[in-house]
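Structural features, examined
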Amino acid sequence: MGGPALVLRNLNKAITRPDRDPFIIFRDINLSVSDGEFVSIVGPSGCGKTTLLRVINGLMPHSGGEILIDGRSAHEVDNELVMGFVFQGASLLPWRTSLKNVVLGLEGRNNNAKEAERTAQKFLDLVGLSGFETHYPHELSGGMQQRVNLARALAVDPRILLMDEPFAALDAQTRNFMQLELLRIWRETKKTVIFVTHMIAEAILLSDRVIVFSHRPGSIRSEVNVPLPRPRTMEMKSDPRFLELEHVLWKQIEEEVNASGGFSQM
Ligand SMILES: Nc1ncnc2c1ncn2[C@@H]1O[C@H](COP(=O)(O)OP(=O)(O)OP(=O)(O)O)[C@@H](O)[C@H]1O
Ligand SMILES: [Mg+2]
């Protein structure tokens, strides 16, 4: 495909209300994400990470700057159609089975019903949920529910996969397992991923590059390349390069949290 999959140029987001001063959520975001790259964003709570993903996805308008998808303005591309979004927290419809939840993303995209179900089945298989097609969300574990969310986001064959703390609600063991599963699925699908997390070790383990956001209004404070080979393994978490990077990133986030008023903001 050549050039970057996604370019953000001087991207700004402010909320304006007649009775208040404009509230700047993030500003001057400049970022270029290569085709197939895995980029994580970390930063203090409230610095605008979720808002940035929503703006990239087209769920919210931006207030200034530019979004380019494969070199074309997001206005021309209709970003909602080229993005897959795995949300922060639960987003499955409780009255729909796993299969029907995955089909949901395909509805309204000119698929016939049978074809949509075949596609949904393929992605349930990919995320390791064969045999759970007719289960409802309450019959699935938290990790399985997030697999369904991932299958739903992937089923539309998105150009870019946006993931907002997808594993935050999982216990530590399931989370570790899901990280490795995500890496496997990423290898198989070769998607470009933007992944938001609070967990620095998760960002390092998964990513080619980690972006650190400043406290609100969010801006890019720094970015670091992760110098670890692929495929990644859990053992790499004790690699000196991993630990050094974790330390560096932690110091930066700590400074941002302190600058924003302390740990109650984290
Ligand atoms: N629609 C909105 N209207 C007004 N303010 C908003 C809106 N959406 C987000 N905000 C504000 O923007 C700021 C950033 O919110 P956002 O959810 O993007 O942060 P975040 O970095 O994802 O935080 P967390 O790590 O806690 O998920 C917050 O102060 C929030 O109150
Ligand atoms: Mg958020």
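Predicted model, so just to flag it, every value in this text is computed and none were measured.

Here we take up helix α9 (residues 240-259). The terminal C-alpha atoms of α9 lie 29 Å apart, and with 20 residues this matches the ideal 28 Å at 1.5 Å per residue to within 8%. All of the buried residues along α9 are Leu245, Leu249, Ile253 and Glu256. Each buried residue of α9 lies within a common arc of 60° when the element is viewed along its axis, so the set occupies one face. Turned more than 90 degrees away from the buried face of α9, the exposed residues are Pro240, Glu244, His247 and Lys251. Considering only its buried residues, α9 is in contact with β3 (38-42), α8 (200-206), β9 (209-213) and β10 (220-225). Gly261 sits one or two positions beyond α9 and adopts a positive phi of about 115°.

In the vicinity of ligand 1, the residues found are Ile15, Ile25, Ser45, Gly46, Cys47, Gly48, Lys49, Thr50, Thr51 and Arg216. Sort the elements by how many residues they give to the shell around ligand 1 and helix α1 (residues 49-57) lands first, with three residues. Here the residues of the shell around ligand 1 sort into three nonpolar, five polar and two charged.

Read from one edge to the other, the open sheet built from six strands follows the order β6-β7-β8-β3-β9-β10, with strand pairing classed as mixed. The sheet terminates laterally at β6 (83-86) and β10, the two strands that pair on one side only. Averaged over all pairs of adjacent strands, the angle between strand axes in this sheet comes to 15°, irrespective of strand direction. With four bridges connecting them, β3 and strand β8 (residues 192-196) associate as parallel partners. Counted as the bridge partner of Ser40 is Phe195 from β8. Contacting β3, β6, β7 (160-164), β8 and β9, α1 crosses the sheet at an angle of about 155° to β7.

Quick look at the nonpolar core now. Ranked by internal contacts, the top residues of the largest apolar core, which has 67 residues, are Val102, Ala120, Ala151, Leu162 and Ile194. With six residues, helix α6 (residues 142-155) is the single largest residue contributor to this core. The residues touching Leu162, leaving out its near neighbours within four places in the chain, are Leu53, Ile56, Asn57, Met83, Gly84, Phe85 and Ile194.

A few words on the packing of helix α5 (residues 113-126) against α6. Between α5 and α6, the shortest axis-to-axis distance is 9 Å and the interhelical angle comes to 130°. By the criterion of interaxial angle, the relationship of α5 to α6 is oblique. With respect to the hand of their crossing, α5 and α6 are arranged in right-handed fashion. In this structure, α5 contributes Thr119, Ala120, Phe123, Leu124 and Leu126 to the contact, and α6 contributes Ala151, Leu154 and Ala155. Partitioning the contact of α5 with α6 into residue classes produces seven nonpolar, one polar and no charged.

Calculation rules
Residues numbered from 1 in each chain as written. Chains lettered and ligands numbered in written order. Predicted model: local features only at pLDDT ≥ 70, side-chain atom pairs only at ≥ 80, totals over all residues. Helix = DSSP H or I, 4+ residues; strand = E, 2+ residues; numbered from the N terminus. Expected span 1.5 Å × (residues − 1). Buried ≥ 20, exposed ≤ 12 C-beta atoms within 10 Å, placed from the backbone. Arc of directions from axis to C-beta. Contact = placed C-beta atoms within 7 Å. Near = placed C-beta within 6 Å. Nonpolar A, V, L, I, M, F, W, Y, C, P; charged D, E, K, R; others polar. Pairing = 2+ DSSP bridges. Axes fitted to C-alpha atoms, helices over the stretch in contact; angles between N-to-C directions. Core = buried A, V, L, I, M, F, W, Y, C linked by C-beta atoms within 7 Å. Parallel < 35°, antiparallel > 145°, perpendicular 65-115°, else oblique. Left-handed = near helix turned anticlockwise from the far one by under 90°.

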